[in-house]
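Read off the chains here:
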Amino acid sequence: MKDEFLRKQSQKLTNGAIDRRKFIMSALAAGVALPSAMAMAGKAMAATPKSGGAFKLAVGSGATTDVLDPATATGGFAVHTLYNRGNHLTEVSNTGELIGELAESFEPANNAAKWVFNLRKGVEFHNGKSLSPEDVIATLNYHRSEESKSAAKGLLSSITDIRKDGDMQVVIELGSGNADFPFVLSDYHLMIMAEADGRIADPNSANGTGGYVLDAFEPGVSAKFSRNPNYWKEGRAHFDSVEMIAVRDVTARQNAIMNGDVHYADFIDPKTVALMKRVPTLNILEATGTQHFTFPMRLDAEPFDNYDLRMALKFAINRQELVEKTLLGHGVAGNDVPVSSAMPYLNTELPVHEFDAERAAMHYKKSGHSGPIQLHTSDTAFVGAVDAAQLMANSAKQAGIDIEVVREPADGYWSNVWNQKPWCACYWGGRPTQDWMYSAGYTKDTEWNDTAWRDTESAIRFNEVVEEARSVTDQAVRKDLYWEAQRLLQDDGGVIVAMWANYISAHDKSLAHEEQVAANWENDGAKIAERWWFA
């Protein structure tokens, strides 16, 4: 009981609810030994954020095709830009919990086919406009409209009605129950925008409710922010200014952090981790989460419309070799489903897709294909993607399969190659539930179905299963449905989930953060600018 008391009081100290003197006096009054209280107080004070400073970070993403429109924004640079300047109805916290953001609270009704969101009062956009239910309704309708090209359109396809109920309440009706629906509303595309006359007039506006005001935006180069002096969220957004620089080349990114040109650099090459750990001014941070590296094959393009060709490639890849040589052990092998052991309902009875030259050759012969198969890749897809593609080509040779590795330019990769070329390299992260992951990249109605797996018998059944699982509250039944979904996807789908990779970053020791760092996206859930500070 005393330990729990100290924990709660130290949290109050950290949040500024009490000062150091009140902390120690309350501990003594409760009969807690002074040394223990002093130790807890010291720990809490060490974790207390400080305001100020100009924060610079180098990120391994960004392209000249980047836009401010949340609907079509793609890649890590866009994620950070949106999270810096805006907010969502919900967010995934640094501890991995789903919490309210612009929604102060939310609760289901009608077996989760209806969700009621109570909005926070006193929230202002950067232009001074107060947050209202109309902003939420117009934002969601912008993404779900018939003419929308939003990557989040599929996530919202189950919505049948959105309406205002009271001054600060929004009611969302779904076609069927979905217990995971509030998770979807934290998707980075769904940043709440300011409405005008019932619609989003300018989706490319820099206006938002976030902790930082966007001062300058140069696609593929940099984004500059200044602290929002009227930010509603207490204890967040500590820096005076933030400059995010797109440095797609991993060597240049690592040189920037080692030379002190930036305070933080993401996607550190596993090959250089040991070296960088010896730099006295730096800390290496590694987080295990939902990041996975994939090689999607589009079923709407030859030769990937052939089941046996897809199976041949799945067995022609030595995944463990990829983990050992490209990740240097900083991850684990994938099994062609976007579900990790950290997510609910992982099917532990799936067959293991591992390198098997004989099975690969058998399927390849049945496919009737001959000649080279192009694999488009770039290290902007993920660090080591080009090396991984070469390793895949080498292992496939043992099965008589000729993979031609096509190295693509880093700039424009996410608009010109991914979701365009028949076979390419890709990375995913940030989806903590199966329904969200499937709705983002695998169901028939999402713009980001990068395998175009929609029309086969198995794909049709997969969509039925995913839709059914949303409204099921019986955990055993839900498990059976998600296990079936994984079987269908692994066998017939066009995705090769090659590796689950840890997030590896390097930062200056002058930076501080809470003990727990999020791993749903890189860089503390892509909210490093909001959550970190200079010690």
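No experiment lies behind these values; they were computed from the predicted model shown. (Residues numbered from 1 in each chain as written. Predicted model: local features only at pLDDT ≥ 70, side-chain atom pairs only at ≥ 80, totals over all residues. Heavy atoms only, no water.)

Draft legend 1. Spotlight on the overall build of the chain. When you go through the chain residue by residue, the secondary structure sums to 18 helices and 21 strands. Against the compact-globule benchmark of 24 Å for 535 residues, the chain has a radius of gyration of 24 Å, which places it among compact chains. Its C-alpha atoms give the chain principal-axis dimensions of about 80 × 55 × 50 Å. A sequence separation of at least 24 residues applies to 71% of the contacts in the chain between residues at least 6 apart. (Helix = DSSP H or I, 4+ residues; strand = E, 2+ residues; numbered from the N terminus. Rg over C-alpha atoms; globule rule 2.2 N^0.38 Å. Contact = heavy atoms within 4.5 Å.)

Draft legend 2. Quick look at the packing of aromatic side chains. Tallied over the full model, the rule gives 26 aromatic pairs. Taking the centre distance of 6.5 Å and the plane angle of 50 degrees together, the rings of Y188 and W448 count as tilted. In this pair, Y188 is assigned in the loop between helix 6 (181-184) and strand 8 (212-218) and W448 in the loop between helix 14 (434-441) and helix 15 (457-470), connecting sequence segments 260 residues apart. With centroids separated by 6.0 Å and ring planes inclined at 80 degrees, the aromatic side chains of F295 and F382 adopt a geometry described as edge-to-face. Pair noted here: F295 is in the loop between strand 13 (292-294) and helix 9 (307-315) and F382 is in the loop between strand 15 (373-377) and helix 12 (385-397), with a separation of 87 residues, a long-range link. Counting every residue linked through ring pairs, the aromatic cluster contains Y188, F267, Y413, W414, W418, Y427, W428, W448, Y503 and W521. The cationic tip of K479 hangs over the ring face of W483; the distance from NZ or CZ to the ring centre is 4.5 Å. Above the ring of Y83, the side-chain terminus of K527 is found at 4.8 Å from the ring centroid. (Phe/Tyr/Trp six-rings, centres within 6.5 Å; stacked < 30°, edge-to-face > 60°. Lys NZ or Arg CZ within 6 Å of the ring centre and 35° of its normal.)

Draft legend 3. Quick peek at the sheet that holds strand 14 (residues 331-333). Taken together, the 4 strands give an open sheet; going across it, the order is 14-18-13-17, and neighbouring strands pair in antiparallel fashion. Each edge of the open sheet is held by one strand with a lone partner, namely strand 14 and strand 17 (426-428). Adjacent strand axes in the sheet meet at a mean angle of 25 degrees, parallel and antiparallel pairs treated alike. Strand direction decides the pairing type here: strand 14 and strand 18 (residues 497-501), joined by 3 bridges, are antiparallel. Opposite A333, over in strand 18, you have M499 as the bridge partner. Helix 10 (residues 319-326) contacts strand 14 and strand 18 of the sheet and is inclined by roughly 35 degrees relative to strand 18. (Pairing = 2+ DSSP bridges. Axes fitted to C-alpha atoms, helices over the stretch in contact; angles between N-to-C directions.)

Any functional reading would require information that these geometric values do not contain.
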